[in-house]
Amino acid sequence: MGIRNWLARGAAAVLMACAGGTALAATQSLTILHDNDVHGHLRSFCYVEVAKGPDEHCDVGGAARRATLVRQLRAKASAPTLLIDSGDTTTRGPLATEYEGLDEIAAMNAIGYDLAAVGNNEFKLKDAADINDAAGAQAALRRLVAASRFPWICANATLQDGSFLPGVKPFIVRRVGKLRIAFLGLTTGRSAAYPQTKGLVITDPVAAAKIWIPRARAEADVVIAVTHIGVADDQRLVHETTGIDAVVGGDSHTYLYKLIDWKNAAGATVPIVQDGEFGVRLGVFNLTFEGDATSGWRLARYDDDLLPVDAAIRPDPAIAALVEHYAHPLDVGVGHMGEIGTTPAERTALTTQALAVAWKSATGADVGLQTEGGIFETFRTHDVTRFQVRAILPFHDEVWRGEIGGAKLRELLTQPSVLGSVHATIAAADIDPAKTYSLASTDYIFLLLKLDGANTGLDARRAIEMWLAK
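Residues numbered from 1 in each chain as written. Predicted model: local features only at pLDDT ≥ 70, side-chain atom pairs only at ≥ 80, totals over all residues. Heavy atoms only, no water.

(A) Region of interest: the overall build of the chain. When helices and strands are counted, the chain shows 13 helices and 24 strands. By principal-axis analysis of the C-alpha atoms, the chain measures approximately 105 × 45 × 40 Å. In the chain, which comprises 470 residues, the proportion classed as buried is 54%. Carbon and sulfur atoms make up 54% of the accessible area of the chain, which totals about 20100 Å². The centroid of the 45 positive side-chain charges in the chain is displaced by 6 Å from the centroid of its 54 negative side-chain charges. (Helix = DSSP H or I, 4+ residues; strand = E, 2+ residues; numbered from the N terminus. Buried < 20%, exposed > 50% of the residue type's maximum accessible area, 1.4 Å probe, protein only. Areas by Shrake-Rupley, 256 points an atom, 1.4 Å probe, with all protein chains shown as cover. Lys, Arg positive; Asp, Glu negative; His and termini not counted. Charge placed at Lys NZ, Arg CZ, Asp CG, Glu CD.)

Here you go:
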């Protein structure tokens, strides 16, 4: 073929492509594996995923199973793959007060996370009885960030001088194939009201985004917001801004089995994804961008799936060993539990009632009281370990004692409560409305139910162990 024919045929091909409306453009795909609100659930556990049915499933979640799934997905990926956590990796799990999140960071380092957003619970590494230890909480956060072999991002939390939290950046830029991607971190504004954040400045995430999106775009081709602000604020974020290509969210513990397409301020569609809670699932967010450095890049195609992390996945042996390094020291036996129930509802009721008895036993009060909404797990075996106690009450709560009138006590037991069903060591029918009773519960219950009381100085978990040992 002559050079003229070759050039003519090439020119014709270009014209045909343009005539068909399909301008030749570069593409770049990316897969983001994402989780949020893991809350220190290093071990697998039992869980009811309500949207999928009423049945409880055990051997759910856990860092070792998540590690296996991540490894499998990375191995078969046809596009660059990043692993992202959208905040609240710490606090609330059985090991929270023992290691203040360093256990979870060790697992994340070993699994190979690429970045994490600061969640509100990263500020609460000192909580419950320690809630006013702002210096301690902030020092614990610095230790957490320093121990991480991946960056943390948060654009709307600073020190009072305007500098960012030590080791934390407002955004980071990663080169992914042909693309420069800016990941912008945002945390919920309600963290500003926490005693633990005293001395910090935490602003509205949307207001901060309006400042930082242009700065991030100046250094990148696309911007992905990694947020811990909840679905409602993710929608507000998209609606009130332009320049964000996608949102990987957390905070509201929402299982977005179907991602949300939301319009931004210019009418363009932006996808929002979130992965639920506790590492029960792992999000797989596939994105394909089209364009080039000259004309710009746009998000052309995307989909998201939430894959179960369950008993069908074999735990990664190395991560399982790391988890047990932290968890096994709490497997010491502390006592015996009688009836434990066979269904989630039965176990919740029996556990709540048992705690009410423990508070009464520890203080000598007339009545012990506990709400179902104040526990995070239940007694599952007759022989109880310290790990199980810490799963039920993961915070450093303390036992309080006070006085309450009979009429008020009866009202607590018979009326709806902000903390769910209320259990006591006395039946409502046996309460004398004219009598004053001494009452024992935790500081959390006293404060949330607005009861008068004083701290006994006894750690609530220690009180449970003392009762179980009798």
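(B) Expanded view of the pairing of strand 17 (residues 296-308). Summarising the sheet, strand 16 (residues 281-292) and strand 17 pair through 12 bridges and their orientation is antiparallel. Bridging across to strand 17, Asp 292 finds its partner in Gly 296. Hairpin connection from strand 16 to strand 17: three residues lie between these consecutive antiparallel strands. (Pairing = 2+ DSSP bridges.)

(C) Structural context of the sheet that holds strand 5 (residues 115-117). Overall, mixed pairing links the seven strands, which are arranged 8-6-5-4-1-16-17 in an open sheet. In the strand order of this sheet, the two ends are held by strand 8 (168-169) and strand 17, each with one partner. Of the pairings in the sheet, the one linking strand 1 (residues 26-35) to strand 4 (residues 81-85) comprises five bridges and is parallel in character. Counterpart to His 34 in the pairing with strand 4 is Ile 84.

(D) Structural view of the environment of Arg 401. Topologically, Arg 401 is positioned in strand 21 (residues 398-405). Since its relative accessible area comes to 34%, Arg 401 is described here as partly exposed. When the C-alpha atoms of Arg 401 and Trp 262 are compared, they prove to be 50 Å apart, with 139 residues separating the residues in sequence. Apart from residues lying up to four places away in sequence, Arg 401 is in contact with Thr 363, Gly 364, Ala 365, Ser 438, Leu 439, Ala 440, Phe 446, Gly 453, Ala 454 and Thr 456. (Contact = heavy atoms within 4.5 Å.)

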